[in-house]
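Here is how the chains run, residue by residue.
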Amino acid sequence: QVQLVQSGGGLVQPGESLTLSCAASGIRFSAHNMDWYRQAPGKQREYVGMISTGGSTHYADAVKGRFVISRDNTKNTMYLQMNNLKPEDTAVYYCKVPQGGYWGQGTKVTVSS
């Protein structure tokens, strides 16, 4: 059974950094592209970025230049490093395996003074 377990969310102040983790099991992790999405209260879930099996990344314009996606295939884990966080980054963040449509449970990030 495919499982994506997320961790690392929390409350931070504007301008600070936070790193989220997504640990996968039940799949050959190294063979899959991986995505990050987020959903703010009252808004649709939106694409944040992705990382390919080869380590290439792509980011939504809203986070480009501030967020960094990486992966450690030895740990079956993908990361989202969020820098210079803004209040508009407040959302529940989800990781996803696009092939198969598997989702993590989500982790809340709140950016507030």
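Residues numbered from 1 in each chain as written. Predicted model: local features only at pLDDT ≥ 70, side-chain atom pairs only at ≥ 80, totals over all residues. Heavy atoms only, no water.

One non-glycine residue with positive phi stands out, namely Asn76, at about 50 degrees. With respect to the helices, strands and loops of the structure, Asn76 is situated in the loop between β7 (67-72) and β8 (77-82). A relative accessible area of 29% means that Asn76 is categorised as partly exposed. Even without being a glycine, Asn84 presents a positive backbone phi close to 45 degrees. Among the structural elements, Asn84 can be located in the loop between β8 and β9 (91-97). (Helix = DSSP H or I, 4+ residues; strand = E, 2+ residues; numbered from the N terminus. Buried < 20%, exposed > 50% of the residue type's maximum accessible area, 1.4 Å probe, protein only.)

Attention now moves to the packing of aromatic side chains. Counted according to the given criterion, the structure contains three aromatic pairs. The interplanar angle of 75 degrees and the centroid separation of 5.7 Å between the aromatic rings of Tyr37 and Tyr47 together place this pair among those described as edge-to-face. Of the two residues, Tyr37 is situated in strand β4 (residues 34-39) and Tyr47 in strand β5 (residues 46-51); the sequence distance between them amounts to 10 residues. Accessibility expressed as a relative area gives 26% for Tyr47, which makes it partly exposed. Each ring, one from Tyr37 and one from Trp103, has its centre 5.2 Å from the other, and the planes form 65 degrees; the classification is edge-to-face. Taken together, the residues Tyr37 in strand β4 and Trp103 in strand β10 (residues 102-103) connect sequence positions 66 residues apart. Taking relative accessible area as the criterion, Tyr37 reaches 17% and is therefore assigned buried. The class for Trp103 is partly exposed, based on a relative accessible area of 34%. One aromatic cluster is present, built from ring pairs that chain together Tyr37, Tyr47, Tyr94 and Trp103. (Phe/Tyr/Trp six-rings, centres within 6.5 Å; stacked < 30°, edge-to-face > 60°.)

So, about the nonpolar core. Counting residues in each nonpolar core, the largest one holds 27 residues, and the members touching the most others are Trp36, Met78, Leu80, Met82 and Tyr93. Listed by contribution, the elements that provide at least two residues to this core are β3 (18-25), β4, β5, β7, β8, β9 and β11 (107-111). Excluding residues that lie within four positions of it along the chain, Leu80 makes contacts with Leu18, Thr19, Leu20, Trp36, Val48, Phe67, Val68, Ile69 and Tyr93. (Core = buried A, V, L, I, M, F, W, Y, C linked by side-chain atoms within 4.5 Å. Contact = heavy atoms within 4.5 Å.)

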